[in-house]
Amino acid sequence: MIREPFLDGWTVGPKLGAFEAATAESAPRAVRMPHDAVRDLPRSADSDQGVHTGYVPGGVFEYAKTFEVPDAWREKTVRLEFEGVYRDAVVFLNGDAVVHEPNGYNAFEAVLDPYLRYGEQNRITVEARAHRDSRWYSGAGIYRPVHLVVADPVHIPLDGTRVTTPDIDAERAIASIATTVRNASRHTRTLRVAWVVMAPDGSDVASGTAPVTVLPGSEAVARVRLAVEGPALWSDQSPSLHRVRTSLADEDGQVIDTDAATFGIRRLQVDARHGLRINGESVKLRGACVHHDSGPLGAATFADAEDRRVRLLKEAGFNALRSAHNPMSRAMLDACDRHGVFVMDELTDTWTRSKVAFDAAPGFSARWRHDVDALVAKDLNHPSVIMYSIGNEILELATPAGSAWSRRLAEAIRDLDDTRLVTNGINGIIANLGRFETDAAPGDEAAPDASDPNTMMAAMGDMMAAANASELVTQSTEESASVLDVVGFNYAESRYELDGELFPNRIIVGSETFPSRIEKMWELVERLDHVIGDFTWTGWDYLGEAGIGRVDYTDEPGYEPTGTAGPYPHLLAGCGDIDITGHRRPVSYYREIVFGLRTEPYLTVHPPRHHGRPTATTPWSWDDSVSSWTWDAELGVPVTVDVYAPAEEVELLRDGVSLGVATVGAEKAFRARFETEYRPGELVAVARSGGREVGRTALRTAGEPVLTASVEQSQITVDGLGFVAVSLADTDGVIASDADRLVTVSVEGDAELVGLGTGRIRTEESFAGPSVTTFNGRALAIVRPTGPGRATVTVTAEGLAPAVASLAVSSSAPR
């Protein structure tokens, strides 16, 4: 069998109607997959996609590629495997329609056999559409990898080998393996399937074979149960991975197809007394919601970018991710398996009632089982996946019909995979829109705006807790909650203790919570056994829902409140613990302290130029502060300094002179706040408990900044990415955070620039580069190899010496 990446040689352009004439603007341009068709389109304040996508427009796009089909393929089956095309994809071969996949997140196959022209060039085209169909930035096009597969008519299909481990003890674990064999020939075939299980160290630890007879035009499943002696168990602390190699041999013993699947051996248990247990050990989920875009790369999905996100999120203290609100990419699942990060993988944001004008709701009732099948097929071998979420803030959930849909979806998933837990992100307020009475009169400006749920929730304030704990929510959501193994609550911590009394067997997870309240959320999670974790919105910043986490200065000339919607040119949400370049924001360190994972205090400073100014925030906002003592400010101007610490008190010193002692938690848990004045030098925070020092940290004013460029990895593979950190820093590496300037990036050699960006949430600069203005002294350049060899990245800025970084590019690592 041939299975190879099908990434090069594509073009993309606007999809023209049958009677539309081509223009210079519509001419196709060469691209490589994966690719986001809308990332570089012009943004504008009047974009009909508006704040949802960060004012990025949609469109209809056509990808095209020609490829040679040799005569030798006449006796083979040829197909393309797409990991995801956003959205409403239609695949054509030589002008004939092959397959239609409406869901922008499903993997799917295009079987090309009926339409191939052998011995000549064939032309594949793929149409994709994106237009007011998402509440966040979705991107568009062939944004996930695609593979060409040439196989024997009798073969193992995509996701054809499934492994479960239903019986585990200290002595051995049983790997139950099921392999599907597809027969596309005209004859009945009897074949033999062989399996070999490899331990994490690569050694063979179990094997078996079984015959399988497959009728023409049908599929058959071959099964085996193999004992793995002394198994290494998978967990977040020790993510040990096993692998099974599968071969399919014909009647003469010739191998005609092979497959490989990675899996983990672990026990999953949950109950109201012990909470969640992995391999018998209690675990609390330190969770982050994540959207699927890759920041400067747009929606394009690269394995190295997904791995980097997962690695940095885990280093920041998270041990679980919720894919919000769509199925997670295969590359991110692989990364979660490798790094030991639990996954809540989500089916959809809507069922039968729409949230935006052209979303997937109208086709849900006809398509739902297909989507469930695709989700489970993708996830089943991944030990990181511990929960399937059947939805997010479903509008009809609190109705009888919604309860029926809840049951139907949950049972459909269990029919396919009963080894994992089923949940749902329930928002009792969203599910009961229109059923709550308020004191505000119709048209009153104080009335929550139900047309924008985010603004409505932000405006409700403390009323939200009371509404979520109301009898209306209790009764209307009871049936939909009862079909779940774990009840996910969005912004409904007021139900945690209440439900422990009303529903003593109910297990709860905070499926979506405000980042500004993590200290309150985590106290509940730690104290209540039946609450198994918390998922903040969000762990990694993202494109779209622009400005939901911003801090506005309301004395700015022309300021007008806009709720949670950030006016143009806001592009990013601004609510991630980690910004889109991978840089940790102050909230990330605060959370790490709340989780009990960090003892060193953390210093962060509010920009002196904004001192005393009135602000407007949302529940998704954090303070506008930076961990820096380098400011373009006059000596002696007032400044606010925050210190996060797991301590009783903090002393602040500047150049060895005490500026005072503040109690930790006086205004907010784990935080001490100081009002002082800005003077360059060294700022030191000393944390104490019981009169004893428990930690200290320091900030120093930067000297004369120089331009720096550093690669995260000096050697990458030809199918990988290179991440180049650009900064303005002194010779000791101290960032000059208040001296931003335009930098320009050029790449020579065997790579090209594919993304350039910063964490600035309000910008009109393009991710395509080649220039960007640093943000708080930082930027990130991303390069993609064009072949094996070397690449040189040069960064320039007016008035500074260029910075140069080099990368070695090797051939792809074997998989």
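Preceding block: the structure.
Presented here is a report on the structure given in the accompanying data block. Quick caveat: nothing in here was measured; it's all calculated off a predicted structure.

**As for the sheet that holds strand β37 (residues 682-689)**
In step 1: Read across the sheet, four strands follow the order β35-β34-β37-β38 without closing on themselves; strand pairing throughout is antiparallel. The open sheet has two edge strands, β35 (657-663) and β38 (692-700), and neither has a second partner. With direction set aside, neighbouring strand axes in the sheet form an average angle of 20°.
In step 2: Sheet analysis places strand β34 (residues 649-654) next to β35, joined by six bridges and oriented antiparallel. When the bridges of β35 are listed, glutamate 651 appears paired with valine 661.

**Focus: the pattern of salt bridges**
In step 1: Counted by the stated rule, this structure contains 61 salt bridges.
In step 2: A salt bridge links glutamate 219 to arginine 182; its shortest N-O distance comes to 2.9 Å. Note that glutamate 219 is positioned in strand β16 (residues 218-229) and arginine 182 in strand β13 (residues 172-183), a separation of 37 residues in sequence.
In step 3: On the basis of relative accessible area, glutamate 219 is assigned to the partly exposed category, the value being 46%.
In step 4: Judged by its relative accessible area of 23%, arginine 182 is partly exposed.
In step 5: Glutamate 346 is the partner of arginine 322 in a salt bridge, and the nearest nitrogen-oxygen pair spans 2.9 Å. With arginine 322 in strand β23 (residues 320-323) and glutamate 346 in strand β24 (residues 342-346), this residue pair connects regions lying 24 residues apart in the sequence. Glutamate 346 carries the same exposure label as arginine 322, and that label is buried.
In step 6: Here the salt bridges share partners, and the residues they tie into one network are Arg3, Arg79, Glu81, Glu109, Arg182 and Glu219.

**Considerations on the side chain of arginine 506**
In step 1: If you trace the backbone, arginine 506 turns up in the loop between α8 (496-502) and β28 (508-513).
In step 2: A polar side-chain atom of arginine 506 sits 2.7 Å from a polar atom in the side chain of aspartate 499.
In step 3: Once residues within four sequence positions are removed from consideration, arginine 506 is found in contact with Ala272, Glu478, Ala481, Val487, Phe489, Asp499 and His530.

Parameters and conventions
- Residues numbered from 1 in each chain as written.
- Predicted model: local features only at pLDDT ≥ 70, side-chain atom pairs only at ≥ 80, totals over all residues.
- Heavy atoms only, no water.
- Pairing = 2+ DSSP bridges.
- Helix = DSSP H or I, 4+ residues; strand = E, 2+ residues; numbered from the N terminus.
- Axes fitted to C-alpha atoms, helices over the stretch in contact; angles between N-to-C directions.
- Salt bridge = Lys/Arg side-chain N within 4 Å of Asp/Glu carboxyl O.
- Buried < 20%, exposed > 50% of the residue type's maximum accessible area, 1.4 Å probe, protein only.
- Polar contact = N/O pair within 3.5 Å; in protein donor to acceptor, adjacent residues only side chain to side chain.
- Contact = heavy atoms within 4.5 Å.

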